[in-house]
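# Understanding the architecture of this molecule
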Amino acid sequence: MSAPIVVHRPAPTGGRAVTINGEIVGLAHDDHDLIEFLRRAGLYEPEDILDDRHWVEWRGGRAHRYEAA
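Quantities reported herein were computed from a predicted structural model and do not represent experimental measurements.

### What to know about the overall build of the protein
Assigned secondary structure in the protein consists of 1 helix and 4 strands. The N-to-C order of helical and strand elements in the protein reads β-β-β-α-β. The C-alpha radius of gyration computed for the protein amounts to 11 Å, which stays within 12% of the reference 11 Å derived for 69 residues, consistent with globular compactness. Expressed as lengths along the three principal axes of its C-alpha atoms, the size of the protein is roughly 30 × 25 × 20 Å. The proportion of buried residues among the 69 residues of the protein is 30%. The long-range share in the protein, meaning contacts at least 24 apart out of those at least 6 apart in sequence, stands at 46%. As displayed, the protein has an accessible area near 4,600 Å², and 51% of this comes from carbon and sulfur atoms.

Conventions and cut-offs
- Residues numbered from 1 in each chain as written.
- Predicted model: local features only at pLDDT ≥ 70, side-chain atom pairs only at ≥ 80, totals over all residues.
- Heavy atoms only, no water.
- Helix = DSSP H or I, 4+ residues; strand = E, 2+ residues; numbered from the N terminus.
- Rg over C-alpha atoms; globule rule 2.2 N^0.38 Å.
- Buried < 20%, exposed > 50% of the residue type's maximum accessible area, 1.4 Å probe, protein only.
- Contact = heavy atoms within 4.5 Å.
- Areas by Shrake-Rupley, 256 points an atom, 1.4 Å probe, with all protein chains shown as cover.

Written out as structure tokens, the structure reads:
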């Protein structure tokens, strides 16, 4: 089973697309952006799940890195 939150590979111009249950919720440029997307989606204390593989899958790059590819 895959995680419901996916942080996709860094874009050529920087930032990473974020999907929740297959729906695009935005382009994160840092963890603050990502936390805000998760908060808006209704997750309680989203900062606590960023490194939980059951919740968040980081694809195509290191976790917490948003620089241009």
